[in-house]
Amino acid sequence: MKVQAIKEKLAELAVEIAVATHFEKEEQPQGIAAALDEVTGGLIRSIMAGGDFTGKRFETLVLFNNKSIGPKRIILVGLGKKKDFSRETLRGAYSRAAQSIRKLNLKTFYAAGDWDGAAAVNLDVGAATEAMVEGAMLGLYQFNAFKTVDRDQIREVDEFVIVEDRDEVFEQVKAAAKTAELIAQRVNQIRDLVSHPGNEMTPKDLAQAALDLADFSKKLKTTVLEVKEMQELGMNALLGVAKGSDEPPRFIIMEYRGAGEEEPPIVLVGKGLTFDSGGISLKPADKMDEMKSDMSGAAAVIGAIRAAADLALPRNIIALAPAVENLPSGKAYKPGDILKSMSGQTIEVVNTDAEGRIILADALFYAQRYQPQAVIDLATLTGACVVALGEHAAGMMGNNDELKQKIKAAAEVTAERVWELPLWDEYQEMIKSDVADHKNSAGRGGGTITAGAFLSKFVGSYPWAHLDIAGTAWLGKDKPYIPKGASGFGVRLLVQMLREWRKDS
């Protein structure tokens, strides 16, 4: 879906449908809703007076305008109680509106840039515009790449037009709409990558997707390391995990230079298991099909660096994505094996289904060569994180309070929430091996934290944060603007953090 901003008065446009919002328990329509009520001869007030629309959170109602001026249809969306309002409410409201418009099989819809009620809740017009666009674009996402039956019945919305007539804010609205459109496009793009099945999204395919994303910009460079190059670097941990598959691994390196050469980069690292069977420590069959999503961390950092380039952020950013399959075979690595990582540290394999931290060990050590400002990794790492936090937040650990605070601040804006877990010395003790430097699993107790403790051994002295996105990357049911399946978690969070990086430094 395309997004554009135009300088007009929405209430006077003869368009197919316009969106208006309303707070619960407010007696009179406000903002664009009031303007639309006037041109329709009090239609909105009469509907409210009759109790057909109350403004409850995400309640929707389509009205038909029989006057000769204004939109042919108006879709009212409830925002709930004003005291409970947040940007997340606005995202959800515009998602529900857009989804309702899709059901009507309309291709274009309009909304006011002077969002109804923005002043009442002290929301900047640019922030309101971004939330509107994000909600609509993310809520309309569908993955239909492999549907062949009744494809002509699939409905899509082509365009969202934001209408703003005030000269003093028009450019702000226009810029905010474009920013949100670019970010949402990347989120939906990586949702596609994650949704592709394992036979269509191998390590080679993921690497090609990264190369394709880099083609558009001279500022975005992608390099893909193959087996021989990884062997020369001593990436024996990553290669050990990949041994069971006939699909060779790839190590994806994406570089964006938006700042001066002297500025150290921020390195983003993403776990890229394009399919994870558990290896010799085989997973149960139930929901194993969802393990195509075990490359969500890699997809997120690929999407984030492309979005940073789209927005021309003044940062230097590196994205690293180790891409492998974890399968059982006669060649597969086994419980009891000892792997020598790129760092020289040795890893006792206790459980081959704790493979993500093994490939990240080499990736995190590789990140040190950039002498980074900070390293942030995203990984669908542990089922224990799903048990602890469900689908509602990522687990966060790290060695630097300032970096963790930056992530928390970005999470407040994007609602891609994080919850900090401790990395106390006791957890470090749990991953000590009797026969190697570290073991890759310490059992069920504190499983998310001990996985983070393992990763901490490979980050050196650089500021580092780890986000376990196992629960948030793939959803079992719809949320207001996130259809079930691949959520795209992490792209908006990382981009928001990168946009604000210097403001509090």
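Computed from a predicted structure; not experimentally measured.

For the overall build of the protein, give the residues involved together with the corresponding values.
The number of helices and strands found in the protein is 15 helices and 20 strands. Taking 2.2 N^0.38 as the reference for a compact globule, 505 residues should give roughly 23 Å; the C-alpha atoms of the protein span a radius of gyration of 24 Å, in line with that estimate. Here the protein holds 505 residues, and the buried ones make up 58% of them. Restricting to contacts in the protein with at least 6 residues of sequence separation, those with at least 24 account for 77%.

Describe the packing of helix α5 (residues 167–195) against helix α9 (residues 296–310), and please don't skip the residues or the numbers.
Following both chains from N to C, one finds α5 and α9 inclined at 155°, their axes separated by 9 Å at the closest point. Here α9 runs roughly antiparallel to α5, going by the angle between their axes. Classified by chirality, the crossing of α9 by α5 is right-handed. Where α5 abuts α9, its residues L182, R186, I190 and V194 lie against S296, A299, A300, G303, R306, A307 and D310. Residues that form the contact of α5 with α9 fall into these classes: six nonpolar, two polar and three charged.

Could you give an account of the pairing of strand β10 (residues 272–276), naming the residues involved and the relevant values?
Successive side chains on a regular strand alternate, one facing one side of the sheet and the next facing the other. By the criterion of burial, β10 is predominantly enclosed, with five of the five residues buried. When β10 meets strand β11 (residues 316–326), the two strands line up parallel, connected through four bridges. By the bridge assignment, D276 is partnered in β11 with N326.

Outline the nonpolar core, supporting the account with residue identities and numerical values.
If you look at the biggest cluster of nonpolar residues, it comprises 98 residues, and the most contacted ones within it are V19, L90, F109, F160, L206, I376 and I407. If we skip the residues at most four places from it in the chain, I407 touches I376, M396, V418, A465, L467, L493 and M497.

Can you explain the pairing of strand β15 (residues 394–398)? Please cite residues and give values.
Burial runs high along β15: five of the five residues are buried. Where burial is concerned, the two faces of β15 agree: the one with A394, M396 and G398 and the one with G395 and M397 are both buried. Sheet topology note: the β15/strand β16 (residues 418–420) ladder contains three bridges and is parallel. Looking at β16, one finds that A394 is bridged to V418.

Lay out the side chain of R357 with the relevant residues and their values.
The residue R357 is located in helix α10 (residues 356–367) in this model. Of the buried charged residues, R357 lacks a salt bridge, with D468 as the closest side chain of opposite charge at 7.1 Å. Of note is the side chain of R357, whose polar atom sits 2.8 Å from the backbone oxygen of N440. Contacts of R357, omitting those with residues within four sequence positions, involve L381, T382, N440, S441, A451, F454 and L455.

Summarise helix α6 (residues 203–214); cite the residues concerned and give the values.
Between the first and last C-alpha of α6 there are 17 Å, a value that for 12 residues agrees with the 16 Å anticipated at 1.5 Å per step. Here α6 has its buried residues at P203, L206, A207, A209, A210, L213 and A214. Taken end-on, α6 shows its buried residues confined to a sector of 155°, consistent with a single buried face. Of the surrounding elements, those touching the buried residues of α6 are α5, β7 (220–225), β8 (250–257), β10, α9 and β11.

Can you tell me about the packing of aromatic side chains, naming the residues and giving the values?
Following the criterion strictly, the structure yields eight aromatic pairs and no others. Centre to centre, the rings of F143 and F146 are 6.0 Å apart; their planes meet at 55°, and the pair counts as tilted. For F143, a relative accessible area of 24% corresponds to the partly exposed category. Assessed through its relative accessible area of 44%, F146 is described here as partly exposed.

So, the environment of T222: which residues are in play, and what are the values?
Here T222 lies in strand β7. Between the C-alpha atom of T222 and that of K406, which follows or precedes it by 184 residues, the distance is 27 Å. Leaving out residues up to four positions away in the same chain, T222 has contacts with A210, L211, A214, I252, I253 and M254.

Help me get a handle on the environment of R444, residues and values and all.
Residue placement: R444 occurs in the loop between β17 (438–439) and α14 (447–456). With 61 residues separating them along the chain, R444 and G383 place their C-alpha atoms 9.5 Å apart.

Can you tell me about the packing of α9 against helix α15 (residues 491–499), naming the residues and giving the values?
Across the interface, α9 lies against α15 with an axial gap of 8 Å and an inter-helix angle of 40°. When the axes of α9 and α15 are compared, the pair comes out oblique. The two elements α9 and α15 meet at a crossing, and its hand is right-handed. Residues A300, V301, G303, A304 and A307 of α9 pack against V491, L494 and V495 of α15. Across the contact of α9 with α15, the residue classes tally to seven nonpolar, one polar and no charged.

Now, about the sheet that holds strand β13 (residues 346–348): what can you tell me, with residues and values included?
Strand pairing within a sheet occurs via backbone hydrogen bonds; the two strands may be parallel or antiparallel. The strand order across the open sheet built from three strands is β12-β13-β17, with neighbouring strands paired in mixed fashion. Among the strands making up the open sheet, the edge pair consists of β12 (338–340) and β17.

Help me get a handle on the pattern of salt bridges, residues and values and all.
Opposite charge on two side chains makes pairing possible when the charged atoms of those side chains draw close. Throughout the structure, instances matching the rule amount to 27 salt bridges. R306 is the salt-bridge partner of D310, the closest N and O atoms lying 2.9 Å from each other. Separated by four residues within a single helix, D310 and R306 lie in helix α9, roughly one turn from each other. When its relative accessible area of 18% is taken as the criterion, D310 is described as buried. In this structure, the salt-bridge partner of E420 is K408, at a minimum N-O distance of 2.9 Å. Of this pair, E420 sits in strand β16 while K408 is found in helix α12 (residues 401–414), placing the two residues 12 residues apart along the sequence. According to the relative accessible area criterion, E420 is partly exposed, its value standing at 30%.

Give me the lowdown on the environment of V459, citing residues and values where you can.
Its location among the elements puts V459 in the loop between α14 and β18 (464–468). Residue classification places V459 among the buried positions, given a relative accessible area of 4%. Linking V459 and V301, residues 158 residues apart in sequence, is a C-alpha distance of 18 Å. When residues no more than four places from it in sequence are discounted, the contact partners of V459 are L364, Q368, N399 and W464.

Definitions and limits used
- Numbering of residues begins from 1 in every chain and follows the order in which that chain's sequence is written.
- It should be noted that, the model being predicted, local features are given only for residues of pLDDT at least 70 and side-chain atom pairs only at 80 or more, the latter also being counted only at that level, while totals for whole chains, interfaces and linings use all residues.
- Hydrogens and water are ignored here; the side-chain numbers use all heavy atoms of the structure.
- Secondary structure counts use DSSP, requiring at least four H or I residues in a row for a helix and at least two E residues in a row for a strand, with both numbered from the N terminus.
- In this treatment the radius of gyration is a C-alpha quantity, and the globule benchmark scales as 2.2 Å times the residue count to the 0.38 power.
- Each residue is assigned to one of three classes by its accessible area relative to the maximum for its type, calculated with a 1.4 Å probe on protein chains only: buried under 20%, partly exposed between the two thresholds, exposed over 50%.
- Any two residues whose heavy atoms approach within 4.5 Å at even a single point are treated as in contact.
- To define axes, lines are fitted to C-alpha atoms, for helices over the stretch in contact only, and angles between the resulting N-to-C directions are given on a 0 to 180 degree scale.
- Convention used here: angles under 35 degrees read as roughly parallel, angles over 145 as roughly antiparallel, angles from 65 to 115 as roughly perpendicular, and any remaining angle as oblique.
- Put simply, a crossing is left-handed when the front helix is turned counterclockwise from the back one by less than a right angle, and right-handed when it is turned clockwise.
- In the scheme used here, Gly and all other residues not listed as nonpolar or charged are polar, with Ala, Val, Leu, Ile, Met, Phe, Trp, Tyr, Cys and Pro taken as nonpolar and Asp, Glu, Lys and Arg as charged.
- Pairing between strands is defined by DSSP: at least two bridges between them are needed.
- The term nonpolar core refers to a set of buried residues drawn from Ala, Val, Leu, Ile, Met, Phe, Trp, Tyr and Cys, joined through side-chain atoms within 4.5 Å.
- We count Lys and Arg on the positive side and Asp and Glu on the negative side, and we leave His and both chain ends out.
- The salt bridge definition used is simple: a Lys or Arg side-chain nitrogen within 4 Å of an Asp or Glu carboxyl oxygen.
- Nitrogen and oxygen atoms within 3.5 Å of one another constitute a polar contact, given that in protein one can donate a hydrogen and the other can accept it, and given that sequence-neighbouring residues count only through two side-chain atoms.
- One less than the number of residues in a helix, times 1.5 Å, gives the span that helix is expected to have.
- An arc is given here, and it is the one of the directions from the helix axis to the C-beta atoms.
- The criterion for an aromatic pair is that two Phe, Tyr or Trp rings (for Trp, the six-membered ring) have centres within 6.5 Å, with stacked assigned to planes under 30 degrees apart, edge-to-face to planes over 60 apart and tilted to the rest.

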